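Overview (structure and organization)
Spelled out from the first residue to the last, the chains are:
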Amino acid sequence: MGRGWWRQTTPVGELLIVACDGVVERVQLPWDREPPADIAPGRDASVARELDRFFARRSRHLDVEVDLTSVSAPFYRSSLVTLREEVPWGETVTYGELACIAGRPGAARAVGSAVASNPVPIIVPCHRVLAANGLGGYGGSAPTRLAVKRRLLELEGSLAPLQP
C-alpha cells in the first residue's frame with residue numbers, strides 16, 4: 001500500500017489514520033482531523049480491520065505496529081511503550097502509577113507530557129491514564145474531548161456509563 005491516510009468512522013467519532021505498510025504513524029481524534037498535505041489518501045485495510053474489531057469489542061488488543069519515532073524524548077517514548085504493553089483493555093492507571101511502572105517514580109508530570117504528545121492515541125491507549133483525583137484530560141479538557149475519553153473507557157468496561 002505504501003504511505004497513506006484515511007478517515008475511519010468509530011463509536012467515538014471519525015478518526016484520521018496515517019499508516020505506511022501496516023505501521024500506524026498517527027491517529028488524529030475527531031477534533032484534530034486535518035489531513036496531511038504531503039501524504040496521498042490511501043486506506044490500509046489491515047489496520048482499518050483491526051480498528052473495526054477493537055471498536056466492535058471483538059478484540060481487546062489492537063494488533064498493529066506503531067511508529068513512535070516522532071516522539072523524540074526517550075522517556076516519553078518508553079512511557080508510551082510501557083502504557084501499550086502493561087495497561088490492558090479494561091484497566092486504568094494514574095500518571096503516577098504509570099511513572100512507577102515505567103521505572104521513574106515521581107515522574108508523573110513527565111508521563112503526563114508523554115501522554116499528551118502521543119501520536120497514536122487509542123492504539124497506545126492514553127485514555128486509560130487517569131488523574132489521581134479523577135478522569136483527567138484527553139487532548140485538553142474541553143467537554144467533547146472528555147466525552148471521547150469517557151466513551152472509550154465505557155467501551156472497555158472500565159467506567160460505568162453515565163446515566164441520562
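Our subject is the structure listed above.
Attention here is on the structure that accompanies the text.

Rules used in this analysis
Residues numbered from 1 in each chain as written. Predicted model: local features only at pLDDT ≥ 70, side-chain atom pairs only at ≥ 80, totals over all residues. Heavy atoms only, no water. Salt bridge = Lys/Arg side-chain N within 4 Å of Asp/Glu carboxyl O. Buried < 20%, exposed > 50% of the residue type's maximum accessible area, 1.4 Å probe, protein only. Helix = DSSP H or I, 4+ residues; strand = E, 2+ residues; numbered from the N terminus. Pairing = 2+ DSSP bridges. Contact = heavy atoms within 4.5 Å. Axes fitted to C-alpha atoms, helices over the stretch in contact; angles between N-to-C directions. Phe/Tyr/Trp six-rings, centres within 6.5 Å; stacked < 30°, edge-to-face > 60°. Lys NZ or Arg CZ within 6 Å of the ring centre and 35° of its normal. Polar contact = N/O pair within 3.5 Å; in protein donor to acceptor, adjacent residues only side chain to side chain.

**Here we look at the pattern of salt bridges**
Counted by the stated rule, this structure contains four salt bridges. Between Arg7 and Glu14 there is a salt bridge, with its nearest N and O atoms 3.9 Å apart. Of the residues examined, Glu14 reaches a relative accessible area of 28% and is grouped as partly exposed. A salt bridge links Glu50 to Arg53; the shortest N-O distance between them is 3.7 Å. Of this pair, Glu50 and Arg53 both sit in helix α1 (residues 45-55), separated by three residues, roughly a single helical turn. You can call Arg53 partly exposed: its relative accessible area is 29%.

**Concerning the sheet that holds strand β4 (residues 65-66)**
The strand order β1-β2-β3-β4 describes an open sheet built from four strands, whose pairing is mixed. Of all strands in the sheet, those bounded by a partner on one side alone are β1 (3-10) and β4. Across five bridges, strand β2 (residues 13-20) lies against strand β3 (residues 23-28) in antiparallel orientation. Bridged to Ala19 within β3 is Val24. Together, β1, β2 and β3 form the strand contacts of α1, whose direction differs from that of β1 by roughly 20°.

**Considering the pairing of β2**
Direction of pairing for β1 relative to β2: antiparallel, over a ladder of eight bridges. Among the inter-strand pairings, Gln8 is bridged to a residue of β2, identified as Leu15. Taking the residues between adjacent antiparallel strands as the criterion, β1 and β2 are bridged by two residues. Linking β2 to β3, which pair antiparallel, is a turn of two residues; within it Asp21 sits at a positive phi near 50°.

**Focus on the packing of aromatic side chains**
For the structure shown, the criterion picks out two aromatic pairs. Residues Phe54 and Phe55 carry aromatic rings whose centres are separated by 5.4 Å and whose planes lie at 80° to one another, so their mutual orientation is edge-to-face. The residues Phe54 and Phe55 share a single accessibility class, namely buried. Between Phe54 and Trp89, the ring centres sit 5.2 Å apart and the planes meet at 85°, which makes this aromatic pair edge-to-face. Residue Phe54 is located in helix α1, and its partner Trp89 is located in the loop between α2 (74-86) and β5 (93-94); the two are separated by 35 residues in the primary sequence. Ring pairs connect the aromatic residues Phe54, Phe55 and Trp89, which therefore count as one cluster. Across the ring face of Phe75, the terminal group of Arg104 is positioned such that the distance to the ring centre comes to 4.3 Å.

**Some words on the environment of Arg57**
Within the secondary structure, Arg57 sits in the loop between α1 and β4. Using a relative accessible area of 48% as the deciding quantity, one classes Arg57 as partly exposed. A C-alpha to C-alpha distance of 23 Å links Arg57 and Thr144, two positions 87 residues apart in sequence. Apart from the residues within four sequence positions on either side, Arg57 is in contact with Trp89, Glu154 and Leu155. From its side chain, Arg57 meets the backbone oxygen of Glu154 in a polar contact 3.5 Å long. Within the structure, Arg57 has its side chain in polar contact with the backbone oxygen of Leu155 (distance 2.9 Å).

**Let's talk about the side chain of Glu50**
The exposure class of Glu50 is buried, given its relative accessible area of 15%. Setting aside its immediate chain neighbours within four residues, Glu50 contacts Ser59, His61, Leu62, Asp63 and Val64.

**Describing unusual backbone geometry**
The backbone phi angle of Arg57 is positive, close to 65°, even though this residue is not glycine. Its identity as a non-glycine residue notwithstanding, Ile122 has a phi of 80°, on the positive side. Structurally, the position occupied by Ile122 is in the loop between α4 (108-116) and β6 (129-130). Residue Ile122 is classed as buried on the basis of its relative accessible area of 2%.

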